[in-house]
Amino acid sequence: MADPQISVPRVRFAPSPSGYLHIGGARTALFNWLWARKHGGSFVVRIEDTDQERSSLESVRAILESMKWLGMDWDEGPEVGGAHEPYFQSERKALYKAAADKLIAEGKAYRCYCTKEELDAQREALKAKDPKAQFRYPGTCRNRQDQPDLPYVVRFKTPSEGATVFDDLVFGKISTPNSQQQDFVLVRPNGLPLYNLAAVVDDHAMGINLVARGRDHIGNTPQQVMLYEALGYEVPRFAHLPMMLSAKGEKLSKRHASVSVSEYQDKGYTAAGVLNYLARFGWSSGDQEIFTVQELIDKFDWAQVGKSDGKFDQKKFADVAFEHLKQSELTSDAEYLDLVRPFLADAGISDPDPKILREALPLIRERAHDLKDAAHHLDFYFRQPPIFEEKATKKFLKPESAEYLRGFAAAISALDSWTAEALETAFKSYVEAQDVKMKVVAQPVRVALSGRSASPGLFEVMIVLGKDLSLQRLEEGALRAEEAQTTA
RNA sequence: GGCCCCAUCGUCUAGCGGUUAGGACACUGGCCUCUCACGCCGGUAACACGAGUUCGAAUCUCGUUGGGGUCACCA
């Protein structure tokens, strides 16, 4: 395989602003970004908004926001500018027109006055005659000499003989017979270019030397190669990525759960987790599953990118994301707290005691699988009283529990050292004195402290809450337990 | 349908002529245990099929089957 590092990489991510940043698009952006960062190259973002109907500024904003959230910064593009401005194709019309004019002047392209309606009619007529037949533009205007004062499109004179070949970094040599190609349209009647022309002109103008994109673009590549050659441009390297499919193996679309990056953000996954999963989708580095962003940059290589399509696995993704939250080497305490704060606010806790937060964090690490979950695990420390889960209360705060709650409270209220060890010793001797199983006391205590039947270890929770609040909650729990009797 | 591409556990994958085919997720048996979780030990589970090439094929070649992509005045 040829060395893709012939020069410092200039790669790009070129979304069309017709929706949010798609999870598959994010992976394409990621592979480009990793490659640029690894080799000190440039990562360019270009907005492909030549289709006025579908493009919106709102989409541009959403896509850029998601890129930023993921931490994929761009060296050139919207907002940051660069040496090849502008980065919106809708603002680069002159360039495309010049290229189209040049092609026409050299006899490599021509004006076509056939209307869309006429062509659609021909297409349908053919379909009616032979449903399997494939309609190709018949070349009606190919050798036309006159230039009527009518709307026209510009078509490329595609050679009908031979084949167009390119060497893909992932798939190797791909050869397509030119007979498959038709005289495709370069410019619309309104003067705006179509994708193939615009992409080629811009990639050349912007000095892009590696075009990495989804495999669904393989079919466009031969046309683009022809354009590069016709325009006298150097052909860049290409790298096509295998498809990211839904769990059912279908092409990812809005119909499937969570296709937009912002959804993952809202659900409480971290950017590092998303990036890690995305990177491992189609790429691997031996048996390693968990990577920091820096490791991704260091280890990414096209040679390790696979060819076969994959299905998105929500469970695996959730696990990778969890791993990043669990390990303090991956997400530091300070980072974690910054990340969880907005989710706590959503849960109604807008000004959490930083001391409690710090002390509770270690208890959350191995329990919270995402940030929403983390906020939930954290919330009872701050709510006074905590929210009592009905099932837990009903099951464990029964009248006979009141005695244990008060008894245990009495046993620990005398403690002069409020440590987990001291609490555990006191708990055990109390349980022993009562001659009951530990859980008989433990569960009512847990519910009294947290409002839930599941929580971190009792003594750890009491340390975080502190002596006063712990004793208060035990007493309040006892009251609740007694109340259960009267209302039962 | 034409053209292009792909094919290892259910899923993501390691493997790049000689391995008891490895890891991770999921599933599952057990341990730990004040609950939940984490963790630890173990288990089920894959080279799509058929011909070659070779002393030897998951690895190379061809075919079959299956899957995907693409055939626009979308990108």
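Residues numbered from 1 in each chain as written. Chains lettered and ligands numbered in written order. Predicted model: local features only at pLDDT ≥ 70, side-chain atom pairs only at ≥ 80, totals over all residues. Heavy atoms only, no water.

(A) Molecular detail of helix α17 (residues 438–450). With 13 residues, α17 should cover 18 Å at 1.5 Å per step; its first-to-last C-alpha distance of 18 Å lies within 8% of that length. Among the 13 residues in α17, 10 count as buried, and that is most of the element. Looking one or two residues beyond α17, the residue adopting positive phi is Gly451, at roughly 80°. (Helix = DSSP H or I, 4+ residues; strand = E, 2+ residues; numbered from the N terminus. Expected span 1.5 Å × (residues − 1). Buried < 20%, exposed > 50% of the residue type's maximum accessible area, 1.4 Å probe, protein only.)

(B) Representation of the protein's contact with RNA strand B in the model. Taken together, 64 residues lie around RNA strand B, and Thr50, Lys116, Gln134, Glu366 and Arg446 are the ones closest in. The share of sugar and phosphate among atoms of RNA strand B within 4 Å of the protein is 69%. Contact distances for RNA strand B include 2.6 Å between a sugar or linking oxygen and a side-chain N or O atom of Gln180. Contacts to RNA strand B include Lys326, whose side-chain N or O atom sits 2.7 Å from a phosphate oxygen. Elements with a contribution of two residues or more to the surface near RNA strand B: α4 (116–129), β4 (153–156), β6 (172–177), β11 (310–311), α10 (314–326), α17 and α18 (458–465). Considered class by class, the residues forming the surface near RNA strand B number 18 nonpolar, 20 polar and 26 charged. (Near = heavy atom within 4 Å. Polar contact = N/O pair within 3.5 Å; in protein donor to acceptor, adjacent residues only side chain to side chain. Nonpolar A, V, L, I, M, F, W, Y, C, P; charged D, E, K, R; others polar.)

(C) Main features of the pairing of strand β1 (residues 10–13). Residues Arg10 and Arg12 line one face of β1 and the alternating positions Val11 and Phe13 line the opposite face, and both faces are buried. Handedness of the crossover is the feature at issue here: the chain leaves β1, passes through helix α1 (residues 23–38), returns alongside strand β2 (residues 42–45), and the resulting connection is right-handed. (Right-handed = clockwise from strand over helix to strand, strands pointing away.)

(D) Examining the pattern of salt bridges more closely. Enumeration over the complete set of coordinates arrives at 33 salt bridges. Close ionic contact of Arg46 with Asp203 constitutes a salt bridge, the shortest N to O distance being 2.8 Å. Remark: Asp203 occurs in helix α5 (residues 195–205) and Arg46 occurs in the loop between β2 and α2 (57–70); sequence separation between them is 157 residues. For the pair formed by Arg46 and Asp203, the shared burial category is buried. Here Glu79 and Lys68 are joined by a salt bridge, their closest N and O atoms 2.9 Å apart. Remark: Lys68 occurs in helix α2 and Glu79 occurs in the loop between α2 and α3 (93–105); sequence separation between them is 11 residues. (Salt bridge = Lys/Arg side-chain N within 4 Å of Asp/Glu carboxyl O.)

(E) Layout of the layout of surface pockets. Computed from the structure, the largest pocket encloses a volume of approximately 1400 Å³. Lining the largest pocket are 44 residues, and of these Ser16, Ser18, His22, Asp216 and His217 lie nearest its centre. Every element with two or more residues in the lining of the largest pocket is listed here: β1, α1, β8 (210–214) and β10 (244–245). Of all the elements, α1 adds the most residues to the lining of the largest pocket, at 4 residues. Looking at the lining of the largest pocket residue by residue, the class counts come to 17 nonpolar, 16 polar and 11 charged. (1 Å grid on protein atoms, 1.4 Å probe; cavity = no way out; pocket = protein on both sides within 12 Å on 5 of 7 lines; lining within 4 Å. Points joined across faces, edges and corners; volume = space filled by probe spheres on them.)

(F) Local environment of the side chain of Ser42. Tracing the backbone shows Ser42 in strand β2. Judged by relative accessible area, which is 18%, Ser42 ranks as buried.

(G) Spotlight on the pairing of β8. The element β8 is extensively covered by neighbouring structure, given that 5 of its 5 residues are classed as buried. Considered for its hand, the β-α-β crossover made up of β8, helix α6 (residues 221–230) and strand β9 (residues 237–241) is right-handed.

(H) Looking closely at the packing of helix α12 (residues 354–365) against α18. At their nearest, the axes of α12 and α18 sit 9 Å apart, and the two run at 165° to each other. Our classification of the angle between α12 and α18 gives roughly antiparallel. Every pair of crossing elements has a handedness; the one defined by α12 and α18 is right-handed. Note on element contacts: α18 touches α12 through Glu460, Val461, Ile463 and Val464, opposite Ile356, Glu359, Ala360 and Leu363. (Axes fitted to C-alpha atoms, helices over the stretch in contact; angles between N-to-C directions. Parallel < 35°, antiparallel > 145°, perpendicular 65-115°, else oblique. Left-handed = near helix turned anticlockwise from the far one by under 90°. Contact = heavy atoms within 4.5 Å.)

(I) Structural context of the domain arrangement of chain A. Per the domain assignment, the segments of chain A are domain 1 (92–241), domain 2 (261–381) and domain 3 (390–487). Between the C-alpha centres of domain 1 and domain 3 there is a distance of 75 Å. (Domains from an automatic or database assignment.)

(J) Geometry of the nonpolar core. In terms of nonpolar packing, the biggest core is built from 55 residues, with Tyr336, Leu378, Tyr381, Ile412, Met462 and Leu474 touching the most fellow members. It is helix α13 (residues 371–382) that provides the largest number of residues to this core, a total of 7 residues. Residue-level mapping places this core at the junction of two domains, with at least three residues from each of domain 2 (261–381) and domain 3 (390–487). Leaving out residues up to four positions away in the same chain, Met462 has contacts with Phe408, Ile412, Trp418, Leu423, Leu449 and Ser470. If you look at the next biggest cluster of nonpolar residues, it comprises 53 residues, including Ala29, Leu278, Phe291 and Trp302. (Core = buried A, V, L, I, M, F, W, Y, C linked by side-chain atoms within 4.5 Å.)

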